[in-house]
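# Close look at the chain arrangement
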Amino acid sequence: MPLSITKAIHLSESCQVKSNKTGRVDTADLKFFAENYLCGNIQQKIPGDFDGNGKVDFVDLNRLTNYWLSPCVGPVWCQGVDLNKSGRVDFVDFALFAENWLKQN
Ligand SMILES: [Ca+2]
Ligand SMILES: [Ca+2]
């Protein structure tokens, strides 16, 4: 079944990637869709390893700051940055993230 427009918009908002807002879905929109396809489905072996590369570092911190105070909804939860799934990226998520700072697996 093809991805519905509503689902695509939901994913783009969850990932905080915006379409070019031309008022129509076109090839330019396919680029952001492709770049974010299945985003948020990365399994975090270490909480805070948002990109799933096995370590909690500045790349993950950058993602956290990009979503700072952003509203989040499941199942994507701001690409996993809303660690406690509270609906917002805030100091609780930062504290959970900080507990694992520079950890590797
Ligand atoms: Ca990482
Ligand atoms: Ca949270």
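This text goes with the structure placed above it.
What counts, and where the lines are drawn
- Residues numbered from 1 in each chain as written.
- Chains lettered and ligands numbered in written order.
- Predicted model: local features only at pLDDT ≥ 70, side-chain atom pairs only at ≥ 80, totals over all residues.
- Helix = DSSP H or I, 4+ residues; strand = E, 2+ residues; numbered from the N terminus.
- Buried ≥ 20, exposed ≤ 12 C-beta atoms within 10 Å, placed from the backbone.
- Contact = placed C-beta atoms within 7 Å.

## Quick notes on the overall build of the chain
Looking only at helices and strands, one finds four helices and zero strands in the chain. Reading the secondary structure of the chain in the N-to-C direction produces α-α-α-α. In the chain, which comprises 105 residues, the proportion classed as buried is 19%. Across the chain, the fraction of contacts at a sequence separation of at least 24, relative to all contacts at a separation of at least 6, is 43%.

## Some remarks on unusual backbone geometry
With the exception of glycine, most residues fall at negative phi, and the peptide bonds are largely trans. Between Gly74 and the following residue, Pro75, the backbone shows a cis peptide bond with an omega angle of 5 degrees. The residue Pro75 is located in the loop between helix H3 (58-66) and helix H4 (91-99) in this model. In this model, Trp77 sits at a positive phi of 50 degrees, which is unusual for a non-glycine residue. Along the polypeptide, Trp77 turns up in the loop between H3 and H4.

## Looking at the environment of Cys72
When you line up the elements, Cys72 lands in the loop between H3 and H4. Sequence separation of Cys72 and Arg88 is 16 residues, and the distance between their C-alpha atoms is 5.3 Å. Dropping the residues within four chain positions of it, Cys72 is found in contact with Trp77, Cys78, Asp82, Gly87, Arg88 and Val89.

## Considerations on the environment of Gly54
For Gly54, the position within the fold is in the loop between helix H2 (27-35) and H3. Taking the number of C-beta atoms within 10 Å as the measure of exposure, Gly54 has 12 and is therefore exposed. For Gly54 and Gln44, which are 10 residues apart along the polypeptide, the C-alpha to C-alpha distance reads 8.2 Å. Apart from the residues within four sequence positions on either side, Gly54 is in contact with Asp49, Gln104 and Asn105.

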